[in-house]
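# Residue-level structure breakdown
Read off the chains here:
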Amino acid sequence: ETVTFALPIPPDAPPGLYAPRLTLDGARPLLPSGGTRGDLFLRPVRITTADGRPPTAAGAPTDGRPQTTARSEATGNGLNVQATSLTMRDPTTLDGRFAWYTALPLGARYQFSWRLQAPAGGALAQLDAQPGYGYQPSDGWPAGEWTADWLALRLPEAAPAEGDYPLVMRLYDVNTGQTLLTRRVGVLAWAGGEWRPRLHEPAFALPEGLAPVDVT
């Protein structure tokens, strides 16, 4: 009997080679000898490119360009990064989907540092690598388009105290240590003995008590 399954590819899947894994609920595949074997991996599938669409998180751009605000232009070189999804894979693994943006081609391979910040400074968890774990190098990002990136951050089993802990993404030159971009991309709340992620939603409203002044 032949059964056909459709495996939809997420629109923000980073380019690369993927090996589809087939698992049987409540059963194990058998070897010709009758013994059990591990999961079945099907013929690899190569995704050549993402669809180039921008992030779809709340407050994210929808026209393929970064937001026209100080938040996206603070770097002065058109660099930007936004988290589009933050989910817990298990109690100590955070999966993040990101989109990188550069207005101009980059001539170097930069490294990122994704950190869960501690209240007193430092990091409770940290991942340093090239974008896409080396498969999405920054010198290959297309100018004027978003580049998708899926990452995973290993978390401590518990936080020092209940509360919110910022998730920060930094892009830097590993040779010089120069920081090119720093963004707060989300928040991890520790409550009830578990981590609860949420996306960062920047607020651009001025605080109360400020009076506008016209100056030249």
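Model, not experiment: these values are computed from the prediction.

### Structural notes on the pattern of salt bridges
- This model, assessed by the stated rule, comprises five salt bridges.
- A salt bridge links Arg89 to Asp95, with the shortest nitrogen-to-oxygen separation between them at 2.7 Å.
- Relative accessible area serves as the criterion here: at 55%, Arg89 is assigned to the exposed category.

### Quick notes on unusual backbone geometry
- Not every positive phi belongs to a glycine, and Tyr133 is a case in point at roughly 55°.
- Position of Tyr133 relative to the elements: it lies in the loop between β8 (123–129) and β9 (146–154).
- With relative accessibility at 42%, the residue Tyr133 sits in the partly exposed group.

### Focus: the layout of surface pockets
- The volume enclosed by the largest pocket comes to roughly 450 Å³.
- Around the largest pocket, the lining comprises 17 residues; the ones closest to its centre are Pro14, Tyr18, Tyr133, Trp150 and Leu151.
- Elements represented by at least two residues in the lining of the largest pocket include exactly β1 (16–18), β5 (80–90), β6 (93–101) and β9.
- For the lining of the largest pocket, the per-class residue count stands at eight nonpolar, six polar and three charged.
- In this structure, the second largest pocket occupies an estimated 370 Å³ of space.
- For the second largest pocket, the lining is made up of 13 residues, of which Leu7, Tyr18, Ala19, Pro20 and Arg21 are closest to its centre.
- Class assignment for the residues of the lining of the second largest pocket results in eleven nonpolar, one polar and one charged.

What counts as what
- Residues numbered from 1 in each chain as written.
- Predicted model: local features only at pLDDT ≥ 70, side-chain atom pairs only at ≥ 80, totals over all residues.
- Heavy atoms only, no water.
- Salt bridge = Lys/Arg side-chain N within 4 Å of Asp/Glu carboxyl O.
- Buried < 20%, exposed > 50% of the residue type's maximum accessible area, 1.4 Å probe, protein only.
- Helix = DSSP H or I, 4+ residues; strand = E, 2+ residues; numbered from the N terminus.
- 1 Å grid on protein atoms, 1.4 Å probe; cavity = no way out; pocket = protein on both sides within 12 Å on 5 of 7 lines; lining within 4 Å.
- Points joined across faces, edges and corners; volume = space filled by probe spheres on them.
- Nonpolar A, V, L, I, M, F, W, Y, C, P; charged D, E, K, R; others polar.

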